[in-house]
Amino acid sequence: VMRVVILISGRGSNMQALLEAEYNGAVEFCCVLSNKADAAGLQVAAAHGVPTDVLDHRAFPDRASFDTALAERIDAHRPDVVVLAGFMRVLTADFVRHYEHRLINVHPALLPAFPGLDTHARALAAGVRLHGCTVHFVTPEVDAGPIIAQAAVPVLADDTPHSLAARVLRQEHRVFPMVLRWLAQG
Ligand code: GAR
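Note that the structure is a prediction, hence the values are computed from the model and not measured. Going along each chain's sequence as written, the residues are numbered from 1 onward. With the structure being a predicted model, the display of local features is reserved for residues of pLDDT at least 70 and the display and counting of side-chain atom pairs for 80 or more, all residues being used for whole-chain, interface and lining totals. Only hydrogens and water are set aside when side-chain values are computed; all heavy atoms of the structure are taken into account.

Participant: I'd like a rundown of the packing of helix α5 (residues 119–126) against helix α6 (residues 161–184), residues and numbers included.
Facilitator: Two elements in contact, α5 and α6, have axes separated by 9 Å at closest approach and are oriented at 110 degrees. Judged by the angle between their axes, α5 and α6 are roughly perpendicular. Viewed along their axes, α5 and α6 form a crossing whose handedness is right-handed. Two secondary-structure elements touch here, α5 through H120, A121, A123 and L124 and α6 through P161, L164, A165 and V168. Under the convention adopted here, Pro, Cys and the residues Ala, Val, Leu, Ile, Met, Phe, Trp and Tyr are nonpolar, Asp, Glu, Lys and Arg are charged, and Gly plus all remaining residues are polar. Partitioning the contact of α5 with α6 into residue classes produces 7 nonpolar, 1 polar and no charged. Inter-axis angles, ranging from 0 to 180 degrees, are taken between N-to-C directions of lines fitted to C-alpha atoms, where helices are fitted over the stretch in contact. Strands are runs of DSSP state E lasting at least 2 residues, helices are runs of H or I lasting at least 4, and numbering of each runs from the N terminus. For classification purposes, angles smaller than 35 degrees are called roughly parallel, those larger than 145 roughly antiparallel, those between 65 and 115 roughly perpendicular, and all remaining angles oblique. Less than a right angle of anticlockwise turn of the near helix away from the far helix marks a crossing as left-handed, whereas a clockwise turn marks it as right-handed. Contacts: residue pairs with any heavy atoms within 4.5 Å of one another.

Right, dumping it as structure tokens:
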């Protein structure tokens, strides 16, 4: 069984999609860990019977000390795979290297287009006709790791960042569990 720890910062809809997908017993969700105590996803995880944990980054003097403590919390669960599901923190290179080949992220754009934040507004401003999401392995450079899967959606003439985000999010919820299933299958 592939042991998985999920990191979130907020709503947790991708986490929910992962928890509710079918893996034929090949995946065990060991913990959902948030850097924010009020992350709505924590309630959802608890309702699914998955242990939750909070590590508030504001309690640490710098990025390195937070990441060290975060890795300790994560490693207590001996995960095979660590999933970033709307975890809105840049991670240190040491942290990323510690989880090399077993740290994955979902990003709301067709990387390498639109790394970083506000991807939907930037896609609209750029006038792209296709937008989407990317699941990738995490490497020290933000949003630049090897791409595992992408899903594209059309950008419509009357789209707002909100409507476009919703269309992309539906695809995130489809491809992210698909990737986790592939990893579980080796
Ligand atoms: C998702 O759209 C995810 O792709 C994005 O945040 C949202 C989290 O929603 N992640 C990033 O922007 C990472 N930099 P969720 O909490 O409902 O899954």
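Participant: Report on the packing of helix α1 (residues 13–20) against α6, specifying residues and quantitative values.
Facilitator: A pair of packed helices is characterised by two quantities: the angle between their axes and the separation of those axes. Orientation of α1 relative to α6, taken along the N-to-C sense of each, is 45 degrees, at an axis distance of 9 Å. Of the possible angle classes, the one that applies to α1 and α6 is oblique. Pair α1 / α6 crosses with right-handed handedness. Along the contact surface, α1 presents S13, N14, A17 and L18, while α6 presents L169, E172, H173, F176, P177 and L180. In terms of residue class, the contact of α1 with α6 is made up of 6 nonpolar, 3 polar and 1 charged.

Participant: With reference to specific residues and values, describe the side chain of H131.
Facilitator: Position of H131 relative to the elements: it lies in strand β6 (residues 130–137). Three exposure classes are used, based on accessible area relative to the maximum for each residue type with a 1.4 Å probe and protein chains only: buried under 20%, partly exposed in between, and exposed over 50%. For H131, a relative accessible area of 1% gives the class buried. Two N or O atoms count as a polar contact when they lie within 3.5 Å, although within protein this holds only if one can serve as hydrogen donor and the other as acceptor, and sequence-adjacent residues are included solely when both atoms are side-chain atoms. One polar contact links the side chain of H131 to the main-chain carbonyl oxygen of P108, over a distance of 3.5 Å.

Participant: Give a detailed account of the packing of aromatic side chains, specifying residues and quantitative values.
Facilitator: A pair of aromatic rings is counted whenever rings of Phe, Tyr or Trp (Trp by its six-membered ring) have centres within 6.5 Å, and the orientation is called stacked for planes under 30 degrees apart, edge-to-face for over 60 and tilted otherwise. For the coordinates displayed, the defined rule picks out 3 aromatic pairs. Ring centres 5.8 Å apart and planes at 65 degrees place the aromatic pair Y23 and F29 in the edge-to-face group. Y23 sits in the buried class, given a relative accessible area of 8%.

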